[in-house]
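Spelled out, the chains give:
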Amino acid sequence: MLTELTGLMASLFLALQAQPAEAPAPKPDPAAEAAPEEAVNDEDKIVCRRTAITGSKFKKKVCATKKEWASLGRRSRENAGEMQRRGKGLSPNGS
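Residues numbered from 1 in each chain as written. Predicted model: local features only at pLDDT ≥ 70, side-chain atom pairs only at ≥ 80, totals over all residues. Heavy atoms only, no water.

With respect to the overall build of the chain
1) Next: For the chain, the count of helices and strands is three helices and two strands.
2) Next: When the elements of the chain are put in sequence order from the N terminus, they spell out α-α-β-β-α.
3) Next: Looking at the chain as a whole, 4% of its 95 residues qualify as buried.
4) Next: For the chain, the accessible area works out to roughly 9,400 Å², and carbon and sulfur atoms hold 59% of it. (Helix = DSSP H or I, 4+ residues; strand = E, 2+ residues; numbered from the N terminus. Buried < 20%, exposed > 50% of the residue type's maximum accessible area, 1.4 Å probe, protein only. Areas by Shrake-Rupley, 256 points an atom, 1.4 Å probe, with all protein chains shown as cover.)

Below, the structure is given as structure tokens:
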């Protein structure tokens, strides 16, 4: 039985060795490399930032395009300016 098992293991080992190796990845076409790539618009570039989470000591990673970050900043400034123009906020009676 031991000889049969040894023979089986040897056969398996030889069979695995006979398997062809994986083919290497094809090389890219040199003509494609020579073609000019489209210029990526700077506003469409993705930027990730770590932002604070209210009530937590942890930060969250938020990714957006430069255009979206600019829009968010502009809206934040506008909202802050609006709150300053209105005064201290709502009166105690809710009006």
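Having seen the structure, we can now continue with the description.
Describing the state of the cysteines
Working definition of a disulfide: a covalent bond connecting the sulfur atoms of two cysteines.
1) Next: Within this structure, the stated rule accounts for one disulfide.
2) Next: Between the sulfur atoms of Cys-48 and its disulfide partner Cys-63 the distance amounts to 1.9 Å. Across the disulfide from Cys-48 to Cys-63, rotation about the S-S bond amounts to roughly 105 degrees, and the bridge is consequently right-handed. Here Cys-63 lies in strand β2 (residues 59-65) and Cys-48 lies in strand β1 (residues 46-52), a separation of 15 residues in the sequence. (Disulfide = S-S within 2.5 Å.)

Looking at the environment of Ala-52
1) Next: Mapped onto the elements of the fold, Ala-52 is located in strand β1.
2) Next: For Ala-52, a relative accessible area of 64% corresponds to the exposed category.
3) Next: Residues within four places of Ala-52 in sequence aside, it is in contact with Phe-58 and Lys-59. (Contact = heavy atoms within 4.5 Å.)

Quick notes on the pairing of β2
1) Next: Note: β1 against β2, seven bridges, orientation antiparallel. Residue pairing in the sheet places Val-47 in a bridge with Ala-64 of β2.
2) Next: The hairpin formed by β1 and β2 contains six residues between the paired strands, and Gly-55 there has a positive phi angle of roughly 85 degrees. (Pairing = 2+ DSSP bridges.)

Side note on helix α3 (residues 66-86)
1) Next: Taking 1.5 Å of rise per residue, 21 residues should cover 30 Å, and α3 covers 30 Å from first to last C-alpha, within 8% of that figure.
2) Next: Downstream of α3 by one or two residues, Gly-87 has phi in the positive range, about 110 degrees. (Expected span 1.5 Å × (residues − 1).)

Considerations on the packing of aromatic side chains
1) Next: Going through the model one piece at a time under the given rule, you end up with zero aromatic pairs.
2) Next: Here Arg-49 stacks its cationic end above the ring of Trp-69, 4.3 Å away from the centre of that ring. (Phe/Tyr/Trp six-rings, centres within 6.5 Å; stacked < 30°, edge-to-face > 60°. Lys NZ or Arg CZ within 6 Å of the ring centre and 35° of its normal.)

None of this, on its own, says anything about what the molecule does.
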